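Listed below, chain by chain, are the residues.
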Amino acid sequence: RSKSAGRNCFTIYDEAMSAELEARNTLEGDLRDAIARCQLEVHYQPFMDANNGARRGFEALVRWRHPARGLIPPDQFIALAEETGLIVPLGEFVLRRACADAATWPSGLMVAVNLSPIQFKEADLFDVICAALRDSGLAPHRLEIEITESVLLERGAENHAFMERLKHLGIELALDDFGTGYSSLSYLTAFPFDKIKIDKSFIRNLTHQPRSSAIISSIVTLARGLDMSVTAEGVETSEEYERLKALGINFAQGYLFGRPQPVGQIDLDEPVQSSQRDAA
Ligand code: C2E
Ligand code: MG
Ligand code: MG
Ligand code: MG
């Protein structure tokens, strides 16, 4: 009896597994087509200079316009793209699109592009970035590249050298989702970041958990000591924004200022901070 129950269990398990595998294969095939048929879209979310409330730039965030399933958010396909290697052409598409779009914006505005750790393993990533800048005409200091802590753990020495080359071009480097990974604080001192983006999970608890304030203020202190700036991600309320400003963050991003939107819908007329214009 128990044996047959066990077998049934296995059958169900197998069927669930193969259904999942099939769904995955379909999705992979669809994603491959999506890249070829230009069904990917780049949306833009503003980030603000917390010192004066002016918009400083936009983060490029990919979406998949699926013919049957509608607009699919990146959380549902980036991992698959990474597992299958499709992140390489996908990432190049986003980078090129973002540079080309930003080149048409007022020159005080930056564009931030997320790069996957998988892209860092490609020997020609540097050339791909240079080509995207050259073909778009975007000045390198207007491009910011966001990477996550996992890039620092693997191939640390190679990635460090690579980051130095990017910085040498004038590209800015941001450490994304800070606080969610496993890397120690010492990684921060070892890599040439310009900016730390504090993950939105810390912002969420801010107004009712004193501990979150303590964490954020230590990150701010640390960043200042290392000559890096700090962005708060996922700012949704003005209470959060006010608290974050009091804690000394430099930039803020979140639904309070705007959701990611297609390029045609972003408002470029908003005045750009004058000191940034002078600096450019
Ligand atoms: P991320 O780089 O940390 O981007 C910020 C995410 O937070 C975005 O989700 C954004 O829509 C969301 N967000 C912004 N403000 C708020 C807020 O106030 N509240 C809440 N709850 N969420 C907010 P999205 O667009 O779904 O992207 C998810 C992740 O997918 C990104 O996280 C990034 O890791 C990845 N991703 C997106 N585009 C690309 C890409 O082109 N290449 C790579 N490699 N990864 C990408
Ligand atoms: Mg990001
Ligand atoms: Mg993030
Ligand atoms: Mg992320």
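Think of each chain on its own: its residues are numbered from 1, step by step along the sequence as written. Each chain takes a letter, starting from A, and each ligand takes a number, starting from 1, following the order in which they are written. Restriction of local features to residues with pLDDT of at least 70 applies here, the model being predicted, together with a cutoff of 80 or more for giving and counting side-chain atom pairs; totals for whole chains, interfaces and linings are based on all residues. As a convention, hydrogens and water are excluded, and side-chain values are obtained from all of the structure's heavy atoms.

## Brief notes about the environment of Ile-198
Moving on, step 1. Helix and strand definitions here come from DSSP, where helices need a minimum of 4 consecutive H or I residues and strands a minimum of 2 consecutive E residues; each element is numbered from the N-terminal end. Secondary-structure assignment places Ile-198 in strand S7 (residues 195–198).
Moving on, step 2. Each residue gets one of three labels from its accessible area relative to the maximum for its type: buried under 20%, exposed over 50%, partly exposed in between, using a 1.4 Å probe on protein chains only. A relative accessible area of 0% places Ile-198 in the buried class.
Moving on, step 3. Through-space distance from the C-alpha of Ile-198 to that of Ser-213 is 12 Å; in sequence the pair is 15 residues apart.
Moving on, step 4. Once residues within four sequence positions are removed from consideration, Ile-198 is found in contact with Phe-178, Ile-203, Ile-216, Ile-219, Val-230, Thr-231, Ala-232 and Glu-233. Should any heavy atoms of two residues lie within 4.5 Å, those residues are counted as being in contact.

## Some details on the state of the cysteines
Moving on, step 1. The disulfide criterion is simple: two cysteine sulfur atoms within 2.5 Å. Under the defined criterion, the tally for this structure stands at 0 disulfides.
Moving on, step 2. Cys-99 supplies the cysteine sulfur nearest to Cys-38, a cysteine that is in no disulfide, at a spacing of 17 Å.
Moving on, step 3. Relative accessible area serves as the criterion here: at 60%, Cys-38 is assigned to the exposed category.
Moving on, step 4. Looking at Cys-99, it has no disulfide partner, and the nearest cysteine sulfur is the one in Cys-130, 11 Å off.

## Considerations on the site of ligand 1
Moving on, step 1. Residues in contact with ligand 1 amount to 23 residues; listed here are only the nearest, Arg-63, Asn-114, Asp-176, Glu-236 and Tyr-255.
Moving on, step 2. Separating an oxygen atom of ligand 1 from a side-chain N or O atom of Lys-200 is a distance of 3.0 Å.
Moving on, step 3. Every element with two or more residues in the shell around ligand 1 is listed here: strand S2 (55–66), helix H3 (87–102) and strand S6 (172–178).
Moving on, step 4. Element by element, the count of residues in the shell around ligand 1 is highest for S2, at 4 residues.
Moving on, step 5. Ten residue types, Ala, Val, Leu, Ile, Met, Phe, Trp, Tyr, Cys and Pro, are classed as nonpolar, four, Asp, Glu, Lys and Arg, as charged, and the remainder, Gly among them, as polar. Its residues assigned to classes, the shell around ligand 1 comprises 9 nonpolar, 5 polar and 9 charged. For each residue, the test is whether any non-hydrogen atom lies within 4 Å of the molecule or strand; if one does, the residue is near. N or O atoms within 3.5 Å of each other form a polar contact, as long as, within protein, one can give a hydrogen and the other can take it, and as long as residues adjacent in sequence are counted only when both atoms are side-chain atoms.

## Section: the nonpolar core
Moving on, step 1. Residue types Ala, Val, Leu, Ile, Met, Phe, Trp, Tyr and Cys, when buried and joined through side-chain atoms within 4.5 Å, form a set referred to as a nonpolar core. Counting residues in each nonpolar core, the largest one holds 71 residues, and the members touching the most others are Leu-90, Ile-129, Leu-143, Phe-193 and Ile-216.
Moving on, step 2. Broken down by element, the residue count for this core peaks at 7 residues, all from H3.
Moving on, step 3. When near neighbours in sequence (up to four residues on either side) are disregarded, Leu-90 contacts Leu-31, Ile-35, Leu-40, Val-62, Phe-77, Ile-78 and Ala-81.

## Let's talk about helix H11 (residues 238–247)
Moving on, step 1. Where H11 is concerned, the buried positions are Glu-240, Tyr-241, Leu-244 and Leu-247. Angularly, the buried residues of H11 cover 125 degrees about the axis, an arc narrow enough to put them on a single face. The outward face of H11, more than 90 degrees from its buried face, is lined by the exposed residues Glu-239 and Ala-246.
Moving on, step 2. Gly-248, located one to two residues past H11, shows a positive phi value of around 100 degrees. By arc we mean the arc of the directions from the helix axis to the C-beta atoms, nothing more.

## Overview of the layout of surface pockets
Moving on, step 1. Every definition here rests on a 1 Å grid over the protein atoms only: cavities are sets of points where a 1.4 Å probe fits but cannot get out, pockets are open sets enclosed by protein on both sides within 12 Å along at least five of seven lines, and lining residues have some atom within 4 Å of a point. Grid points are joined across faces, edges and corners, and a volume is the space filled by probe spheres set on the points. Considered as a void within the structure, the largest pocket measures approximately 1,100 Å³ in volume.
Moving on, step 2. Lining the largest pocket are 38 residues, with Glu-59, Leu-61, Pro-74, Asp-75 and Asn-114 positioned closest to its centre.
Moving on, step 3. Those elements giving two or more residues to the lining of the largest pocket turn out to be S2, helix H2 (78–84), H3, strand S4 (110–114), helix H4 (117–120), strand S5 (143–148), S6 and helix H9 (200–204).
Moving on, step 4. Here the element with the most residues in the lining of the largest pocket is S2; it accounts for 5 residues.

## Examining the coordination of the magnesium ion (ligand 3)
Moving on, step 1. Around the magnesium ion (ligand 3), the protein contributes the donor atoms Asp-176 (OD), Asp-177 (OD), Glu-233 (OE) and Glu-233 (OE), which lie 2.0 to 2.4 Å from the metal centre.
Moving on, step 2. Positions of the donor residues of the magnesium ion (ligand 3) along the chain correspond to the pattern D-D-x55-E. Only nitrogen, oxygen and sulfur atoms qualify as donors, provided they sit within 2.8 Å of the metal or within 3.2 Å for Na, K and Ca; with water excluded from the atoms, sites may seem incomplete.

## Brief notes about the packing of H3 against helix H5 (residues 125–136)
Each pair of packed helices gets described by two things: the angle between the helix axes and the distance between those axes.
Moving on, step 1. For the pair H3 and H5, interaxial distance at closest approach is 8 Å and the crossing angle is 30 degrees. Classified by the angle between their axes, H3 and H5 sit roughly parallel to one another. Between H3 and H5 lies a crossing whose hand is right-handed. In this structure, H3 contributes Glu-92, Leu-95, Arg-96, Cys-99 and Ala-100 to the contact, and H5 contributes Val-128, Ile-129, Ala-131, Ala-132, Leu-133, Asp-135 and Ser-136.
Moving on, step 2. Its residues assigned to classes, the contact of H3 with H5 shows 8 nonpolar, 1 polar and 3 charged. Throughout, an axis means a line fitted to C-alpha atoms (over the contacting stretch in the case of helices), and angles, computed between N-to-C directions, take values from 0 to 180 degrees. Between 65 and 115 degrees an angle is taken as roughly perpendicular, under 35 as roughly parallel, over 145 as roughly antiparallel, and anywhere else as oblique. It is the rotation of the near helix from the far one that decides the hand of a crossing: anticlockwise by less than a right angle makes it left-handed, clockwise makes it right-handed.

## Considering the environment of Asn-250
Moving on, step 1. Tracing the backbone through its elements, the reader meets Asn-250 in the loop between H11 and strand S9 (251–253).
Moving on, step 2. Its relative accessible area of 23% is what places Asn-250 among the partly exposed residues.
Moving on, step 3. Residues Asn-250 and Ala-50, 200 residues apart in the sequence, show an inter-C-alpha distance of 5.2 Å.
Moving on, step 4. Filtering out sequence-adjacent residues up to four positions away, Asn-250 remains in contact with Met-48, Asp-49, Ala-50, Asn-51, Ser-229 and Val-230.
Moving on, step 5. At 2.7 Å, the side chain of Asn-250 and the backbone nitrogen of Val-230 are in polar contact.

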